[in-house]
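Fold and contact review
Given next are the chains, with one letter for each unit.
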Amino acid sequence: MRFETLNKYVLKCPRCGFETEASPYIMRCPKCGELLDALLIADKVKLRWNELRGRGVWRYRDLLPEPNSIVSIGEGATPLIRLRSHGNAYIKFEGTNPTGSFKDRGMTIGVSLASSIGVKGVIVASTGNTAASAAAYSARAGLNCIVVLPKGGVAKGKLGQAILHGASIVDIPGTFDNALEYVLDTVLINGSADHINYYPLNSINPWRLEGQKTIAYEVFEEVGVPDYVFVPVGNGGNIYAIWKGFRELMEHGMIDHVPKMIGVQASGAAPMVRYWNGAGEAKIENPRTIASAIRIGKPVNWFRAYRAVKYSGGAFIEVSDDEIIRAQAMLGKEGIGVEPASAASLAGYLKALGEGLIGPSDKAVLIATGHALKDPDALLMGNANMISISSINELRNLVMGNAIA
Ligand SMILES: *Cc1c(COP(=O)(O)O)cnc(C)c1O
Ligand SMILES: [Zn+2]
């Protein structure tokens, strides 16, 4: 069966070179088991960069799957905000997406595809944001949505969104890694999902990642090719997607080099950093960090993330939870509200500057992956500047500058 929607793509194994016609169902290489890359076929792409229209993910439809009907809630077109404290660093604020994280860029493609192939619904394992996004886009499409979550491990804002949008919430004992195992074992047979009613939209799904690569296109339109892009890394799909976006610009002659990709992990959940530094496997048990969106010990896209960092000339680095919290507060003071995982990119940038890995004149884009409201508990742990008063006079004194220094 041919899928017109995907006809400008092939699926190719980055490990053994196996290649097959694009299909929404096949995710792993039947020869070696590696996750397949969805690659654009150059002469089937009609890229008219000067005629791009509209805003957000679908502005770049020339470089995306093109389903007959598109399920969209206005994703993408997020602001790029220059830091006051570091003039060569720009925050790509993904918190302004419809459900408050970059996952929406992927879900608009993934759910449009699910809808066009006629499944009953979609299924995801999640630390929270994938669940919130899948729930909203499925609701929009009139599809069912099953989210599998680690019990007790999901930030309140995200869980609340999954409830609001009517997802079936399944919680399981253990971590996100266990939740993903449950989902993949349920829906994939020999790396393919073609027998099921519920379409898997975790980041193993290459079509979802196609939406996420548009972060690169937006950055390029605003500031060209930065020297560095800092990305918080959990499962490793997003850093790969952004790198892929820049690579495609290069393949289409728009740019002559890609930015160095820096993957940032929390010290208690840093399997990629361990692997980068010589450990035999990108796996750890019992990942721990306050940054729940990147509390992942067995990144399913580890090879994708590794290639993005390696071939771009970047690095994986780790930051402590304290550094993450401080970076979150620092962004807060600049008017940018992000959840803890998102602050890892600024924490990583500051660390890289401090250690001389990069210089202050290097242009860096820091991906702020999700909104502050996602994790209200983390905000309430901050140092509150609270003053209790009981009379109008006290407030008057305060405003006149008599009561506080
Ligand atoms: C999903 C997510 C990440 C991690 O992205 P991966 O593609 O899994 O590496 C980071 N931050 C936030 C806020 C997320 O929702
Ligand atoms: Zn293979």
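Residues numbered from 1 in each chain as written. Chains lettered and ligands numbered in written order. Predicted model: local features only at pLDDT ≥ 70, side-chain atom pairs only at ≥ 80, totals over all residues. Heavy atoms only, no water.

1. Some remarks on the UniProt feature "binding site: pyridoxal 5'-phosphate" (unreviewed entry) in the chain
As annotated by UniProt and renumbered to match this structure, "binding site: pyridoxal 5'-phosphate" (unreviewed entry) occupies Asn-129, Gly-234, Asn-235, Gly-236, Gly-237, Asn-238 and Thr-369. Topologically, Gly-237 is positioned in helix α7 (residues 237–251). Once residues lying within four places of it in the same chain are set aside, the contact partners of Gly-237 are Ser-203, Leu-209, Gln-212 and Asn-301. On the secondary structure map, Thr-369 appears in the loop between β13 (364–368) and α12 (376–380). (UniProt positions renumbered as here; feature names shortened; annotations may be inferred. Helix = DSSP H or I, 4+ residues; strand = E, 2+ residues; numbered from the N terminus. Contact = heavy atoms within 4.5 Å.)

2. Details of the packing of α7 against helix α9 (residues 302–312)
Close contact between α7 and α9 brings their axes to 7 Å; oriented N to C, the two are set at 45°. Looking at the two axes, α7 sits oblique to α9. The way α7 lies across α9 gives a crossing that is left-handed. Of the residues in α9, those touching α7 at Ile-239, Tyr-240 and Trp-243 are Arg-304, Ala-305, Arg-307, Ala-308, Val-309, Tyr-311 and Ser-312. A breakdown of the residues in the contact of α7 with α9 according to their chemical character gives seven nonpolar, one polar and two charged. (Axes fitted to C-alpha atoms, helices over the stretch in contact; angles between N-to-C directions. Parallel < 35°, antiparallel > 145°, perpendicular 65-115°, else oblique. Left-handed = near helix turned anticlockwise from the far one by under 90°. Nonpolar A, V, L, I, M, F, W, Y, C, P; charged D, E, K, R; others polar.)

3. A look at the pairing of strand β8 (residues 168–172)
For a regular strand, side-chain orientation follows a simple rule: the groups alternate between the two sheet faces. Summarising the sheet, strand β7 (residues 144–150) and β8 pair through five bridges and their orientation is parallel. By the bridge assignment, Ile-146 is partnered in β8 with Ser-168. Once the chain exits β7 it traverses helix α3 (residues 156–164) before rejoining the sheet at β8, and the crossover so formed is right-handed. (Pairing = 2+ DSSP bridges. Right-handed = clockwise from strand over helix to strand, strands pointing away.)

4. Considering the sheet that holds strand β6 (residues 121–125)
Reading across from one edge, β8-β7-β6-β9 is the order of the four strands in this open sheet, with parallel pairing throughout. Because the sheet does not close on itself, it has two edges, and the strands there are β8 and β9 (198–200). Across the sheet, the mean angle separating the axes of adjacent strands is 25° when strand polarity is ignored. Both β6 and β7 contribute to a ladder of five bridges, which runs parallel. Each bridged residue has a counterpart across the sheet, and for Gly-121 the counterpart in β7 is Asn-144. Sitting on the sheet, helix α4 (residues 176–187) is in contact with β6, β7, β8 and β9, with an inclination near 145° to β6.

5. As for the coordination of the zinc ion (ligand 2)
By definition of the ideal shapes, a tetrahedral metal site with four donors has angles of 109.5 degrees and an octahedral site with six donors has angles of 90 or 180 degrees. Taken together, Cys-13 (SG), Cys-16 (SG), Cys-29 (SG) and Cys-32 (SG) make up the protein donors of the zinc ion (ligand 2), found 2.3 to 2.4 Å from the metal. Because the angles between the four donor atoms bound to the zinc ion (ligand 2) fall within 97 to 124°, the donor set is best described as tetrahedral. Here Cys-29 falls in the buried class, since its relative accessible area comes to 4%. (Donors = N, O, S within 2.8 Å, 3.2 Å for Na, K, Ca; no water. Tetrahedral: all angles 85-135°; square planar, octahedral: opposite > 155°, others 65-115°. Buried < 20%, exposed > 50% of the residue type's maximum accessible area, 1.4 Å probe, protein only.)

6. Brief notes about the packing of aromatic side chains
Under the definition given, this model contains 16 aromatic pairs. Ring centres of Trp-276 and Tyr-306 lie 5.8 Å apart, and the angle between their planes is 65°; this geometry places the pair in the edge-to-face category. Linking Trp-276 in helix α8 (residues 271–276) with Tyr-306 in helix α9, this pair joins segments that are 30 residues apart in sequence. Overall, Trp-276 belongs to the partly exposed group, its relative accessible area being 28%. Chaining the aromatic ring pairs together yields one cluster made of Tyr-275, Trp-276, Trp-302, Phe-303, Tyr-306 and Phe-316. For the cation-ring pair, Arg-15 lies above Phe-303, with the distance from its terminal atom to the ring centre recorded as 4.1 Å. One Lys or Arg, Arg-304, reaches over the ring of Tyr-240 and ends 5.3 Å from the middle of that ring. (Phe/Tyr/Trp six-rings, centres within 6.5 Å; stacked < 30°, edge-to-face > 60°. Lys NZ or Arg CZ within 6 Å of the ring centre and 35° of its normal.)

7. Thoughts on the nonpolar core
General note: in soluble globular proteins, nonpolar side chains tend to be found buried as a group. Residues Tyr-199, Trp-207, Ile-242 and Phe-246 are the most contacted members of the largest nonpolar core, which totals 97 residues. Among the elements that take part in this core, α7 stands out by supplying seven residues, more than any other. Setting aside residues up to four positions removed in sequence, Trp-207 forms contacts with Leu-6, Tyr-9, Leu-11, Ala-22, Ser-23, Pro-24, Ala-38, Pro-65, Ile-109, Leu-113 and Tyr-199. Among the nonpolar cores identified, the runner-up in size contains 31 residues, and Ile-91, Ile-336, Ala-352 and Ala-368 belong to it. (Core = buried A, V, L, I, M, F, W, Y, C linked by side-chain atoms within 4.5 Å.)

8. Some remarks on the site of ligand 1
Taken together, 16 residues are adjacent to ligand 1, and Lys-103, Asn-129, Asn-235, Gly-236 and Thr-369 come closest. Here an oxygen atom of ligand 1 and a side-chain polar atom of Lys-103 are 2.6 Å apart. Taking Gly-237, its main chain carries an N or O atom lying 3.2 Å from an oxygen atom of ligand 1. In the complex, 97% of the free accessible area of ligand 1, which totals 390 Å², lies under the protein chains. Put simply, the parts of the chain that give the shell around ligand 1 at least two residues each are α7 and α11 (340–354). (Near = heavy atom within 4 Å. Polar contact = N/O pair within 3.5 Å; in protein donor to acceptor, adjacent residues only side chain to side chain. Areas by Shrake-Rupley, 256 points an atom, 1.4 Å probe, with all protein chains shown as cover.)

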